[in-house]
Amino acid sequence: MAASMAPGGACAAGQCAGRCAKALKDGTFTENPVCVQILGICSALAVTTRLANALVMGAALIFTTGMSNLLISLLRNATPRRIRMIAEVAIIATFVIMFDQFLKAFYPAMSKQLGPYVGLIITNCIVMGRAEAYAMQNPPLPSIVDGLANGMGYAAVLAVIGVVRELLGTGKLLGFTVLPPTVYTPNQAMVLAPGAFVVLGCALAVYAVLKAPARQEAKA
Amino acid sequence: MNDTSAFVILIAAIFTNNILLSNFLGMCSFLVCSRQLATALGLGAAVTFVMTCTTIINYAAYHHVLVPLKVHDHLYFIVFIAVIAAFVQLVEMIIERFSPALYHALGIFLPLITVNCAILGAALFMIIRKYSFAQSVGYGIGSGIGWSLAILLMAGLRQKLGYSNVPKPFEGVAIIMAITGVMAAAFMGFAGMVSIQ
């Protein structure tokens, strides 16, 4: 939805740089996958009980979207249209498995905490959405930038929600006490499910307020 | 392996550990398809059916194919998603062939289900929590019913929401999120009843 279709896939240097810059801005802010397109909500809610989990999940998504966009874009002319969905899923699953194995091997505690949500990146609509909407029609370089940018947009929202929930829920950040119990009584509800929904709802509202002036400028 | 009875798991999956309200799975279609009660009901029925069947197939695939071949640790993601996609496709073809009426009622929801993360999520939870066969079946049915319950409640609420005055920044998805939060809080009232980890 962001950039125009690439004719044949040839990419002049200037045009390519412009397209990359647009992909970066769209992915991280103007078309933020979580706030505007409302994609990838499940994991955005589930893993944000602590900031550390949110950051790892963000990294996982940056890696998966970037790499799968690159590979899908490289293969886009060799993929028959009829089986493109299966091909996309297989490619995405490969990178998700790589990340999952990496976590299991080097950070087993984190892998246990994230539980099934790493595997669920396969059905995370952001990855599939970018593959379908961008990587299938664009050359490899803008595609990888688009993938990374969307991953970063997702990671940024997760980090914000993670900070709010961990701070208000436990008074800590990344495990260090920021608000001691004498000053602030941790609100358990923030760590539990209802807190996740309410915080994300508020985050979407704040984003709408932040984006409102930009939209008016575009209209004028 | 824990020895909670399958029936307890079924009840817990509907109320205390609702797959949507406590595990946040299946949010995408929950947000998109909860505008009307009829749509929500159709999708809920389709999800319950597919979730029950794929949990059973995935259980068999994991314990009788992947584990004996010793590839269960790194291949189960890709096998599960393939099973779900293939099953949905198959059901779509069968329904279209034998019951056009049902196909028109349910058919449009089926492709949506492949990317519904609740289906894959239920299969992954089944593996992580080391459920037995009976427990997996209970969990699959319970999760499906629980998800349908959540989307039906939301569809009812959204019809009322049409008459209310929502603050401007909260218009759209933000207010739905906040309402879901209140719903999740209400469901936490069931927490003392039964619990599964």
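Residues numbered from 1 in each chain as written. Chains lettered and ligands numbered in written order. Predicted model: local features only at pLDDT ≥ 70, side-chain atom pairs only at ≥ 80, totals over all residues. Heavy atoms only, no water.

Draft legend 1. Broad picture of the overall build of chain A. Of the regular secondary structure elements, chain A holds 9 helices and 2 strands. Helices and strands appear in chain A in the N-to-C order α-α-α-α-α-α-α-β-β-α-α. Against the globule reference of 17 Å for 220 residues, chain A gives a C-alpha radius of gyration of 19 Å, in line with a compact fold. With respect to the three principal axes, the spread of C-alpha positions in chain A is 65 × 50 × 30 Å. Scored against the burial criterion, the 220 residues of chain A give a buried share of 49%. Here chain A has roughly 9,800 Å² of accessible surface; of this, 71% comes from carbon and sulfur atoms. Here chain A holds 16 positive side-chain charges and 8 negative ones, and the gap between their average locations is 2 Å. (Helix = DSSP H or I, 4+ residues; strand = E, 2+ residues; numbered from the N terminus. Rg over C-alpha atoms; globule rule 2.2 N^0.38 Å. Buried < 20%, exposed > 50% of the residue type's maximum accessible area, 1.4 Å probe, protein only. Areas by Shrake-Rupley, 256 points an atom, 1.4 Å probe, with all protein chains shown as cover. Lys, Arg positive; Asp, Glu negative; His and termini not counted. Charge placed at Lys NZ, Arg CZ, Asp CG, Glu CD.)

Draft legend 2. Broad picture of the pattern of salt bridges. Residues and elements named next belong to chain A. Scanning the entire structure with this criterion turns up 5 salt bridges over all chains. In this structure, Arg84 and Glu132 form a salt bridge, with 2.5 Å as the shortest nitrogen-oxygen distance. Here Arg84, found in helix 4 (residues 84–106), pairs with Glu132, found in helix 6 (residues 125–135); they are 48 residues apart in sequence, far enough to count as distant. Of the residues examined, Glu132 reaches a relative accessible area of 23% and is grouped as partly exposed. Its salt-bridge partner being Arg130, residue Asp146 comes within 3.0 Å of it at the nearest N-O pair. In this pair, Asp146 sits in helix 7 (residues 140–170) while Arg130 sits in helix 6, placing the two residues 16 residues apart along the sequence. (Salt bridge = Lys/Arg side-chain N within 4 Å of Asp/Glu carboxyl O.)

Draft legend 3. Broad picture of the side chain of A:Thr64. All names here are of chain A. Note on placement: Thr64 falls in helix 3 (residues 51–74). You can call Thr64 buried: its relative accessible area is 1%. Non-local contacts of Thr64, meaning those with residues more than four positions away in its chain, are made with Asn69, Ile92, Phe95, Val96, Ile121 and Val127. (Contact = heavy atoms within 4.5 Å.)

Draft legend 4. Main features of the interface of chain B and chain A. Taken residue by residue, the interface counts 35 residues in chain B and 35 residues in chain A. Buried surface at the junction of chain B and chain A, both sides included, amounts to about 2,800 Å², of which 84% is carbon and sulfur. It is B:Phe24, B:Phe77 and B:Met177 in chain B that bury the most area against chain A; as a group they hold 24% of the surface buried on that side. Where chain B touches chain A, the interface holds 1 salt bridge. (Buried area = accessible area lost by both parts, 1.4 Å probe.)

Draft legend 5. A look at the packing of helix 1 (residues 6–14) of chain B against helix 8 (residues 133–161) of chain B. All names here are of chain B. Relative to each other, helix 1 and helix 8 sit at 20 degrees, their axes nearing to 7 Å. In terms of orientation, helix 1 and helix 8 fall into the roughly parallel class. Where helix 1 crosses over helix 8, the two elements pack in a sense that is right-handed. In this structure, helix 1 contributes Ala6, Ile9, Leu10, Ala13 and Ile14 to the contact, and helix 8 contributes Ala134, Gln135, Gly138, Tyr139, Ile141, Gly142, Ser143, Ile145, Gly146 and Leu149. (Axes fitted to C-alpha atoms, helices over the stretch in contact; angles between N-to-C directions. Parallel < 35°, antiparallel > 145°, perpendicular 65-115°, else oblique. Left-handed = near helix turned anticlockwise from the far one by under 90°.)

Draft legend 6. Spatial organisation of the state of the cysteines. Scanning the model with the defined rule gives 0 disulfides over all chains in all. Considering cysteine sulfurs only, B:Cys117 is the nearest to B:Cys53, which forms no disulfide, with 19 Å between them. (Disulfide = S-S within 2.5 Å.)

Draft legend 7. Summary view of helix 4 of chain A. For helix 4 of chain A, spanning 23 residues, the distance from its first C-alpha to its last is 33 Å, which sits close to the expected 33 Å at 1.5 Å a residue. Looking at helix 4 of chain A, one finds that the buried residues are A:Arg84, A:Glu88, A:Ile91, A:Ile92, A:Ala93, A:Phe95, A:Val96, A:Ile97, A:Phe99, A:Asp100 and A:Leu103. Buried positions along helix 4 of chain A lie against helix 3, helix 5 (108–114) and helix 6 of chain A together with helix 4 (72–98) of chain B. (Expected span 1.5 Å × (residues − 1).)

Draft legend 8. Main features of the packing of helix 3 (residues 37–66) of chain B against helix 7 (residues 117–128) of chain B. Residue and element names in this part refer to chain B. Where helix 3 meets helix 7, the axes come as close as 9 Å, and the angle between the chain directions of the two elements is 40 degrees. One element, helix 3, and the other, helix 7, form an angle in the oblique class. For the pair helix 3 and helix 7, the sense of crossing is right-handed. Contacts from Val47, Val50, Met51, Thr54, Thr55, Asn58, Tyr59 and Tyr62 of helix 3 reach helix 7 at Ala118, Ile119, Ala122, Ala123, Met126 and Ile127. Looking at the contact of helix 3 with helix 7 residue by residue, the class counts come to 11 nonpolar, 3 polar and no charged. (Nonpolar A, V, L, I, M, F, W, Y, C, P; charged D, E, K, R; others polar.)

Draft legend 9. View of the packing of aromatic side chains. Using the criterion set out here, one finds 16 aromatic pairs over all chains in the structure. Judged by centre distance (6.1 Å) and plane angle (50 degrees), the ring pair of A:Phe99 and A:Phe102 falls under tilted. Of this pair, A:Phe99 and A:Phe102 both sit in helix 4, 3 residues apart, roughly one helical turn. Given the relative accessible area of 39%, A:Phe102 is considered partly exposed. Between A:Tyr117 and B:Phe125, the ring centres sit 6.5 Å apart and the planes meet at 85 degrees, which makes this aromatic pair edge-to-face. One end of the pair, A:Tyr117, is in the loop between helix 5 and helix 6; the other, B:Phe125, is in helix 7, on a second chain. Since its relative accessible area comes to 8%, A:Tyr117 is described here as buried. Overall, the relative accessible area of 7% leaves B:Phe125 in the buried class. Among the aromatic residues, ring-to-ring pairing joins A:Phe63, A:Phe95, A:Phe99, A:Phe102, A:Phe106 and A:Tyr107 into one connected group. The side chain of B:Arg97 reaches across the aromatic face of B:Phe98, ending 5.1 Å from its centre. (Phe/Tyr/Trp six-rings, centres within 6.5 Å; stacked < 30°, edge-to-face > 60°. Lys NZ or Arg CZ within 6 Å of the ring centre and 35° of its normal.)

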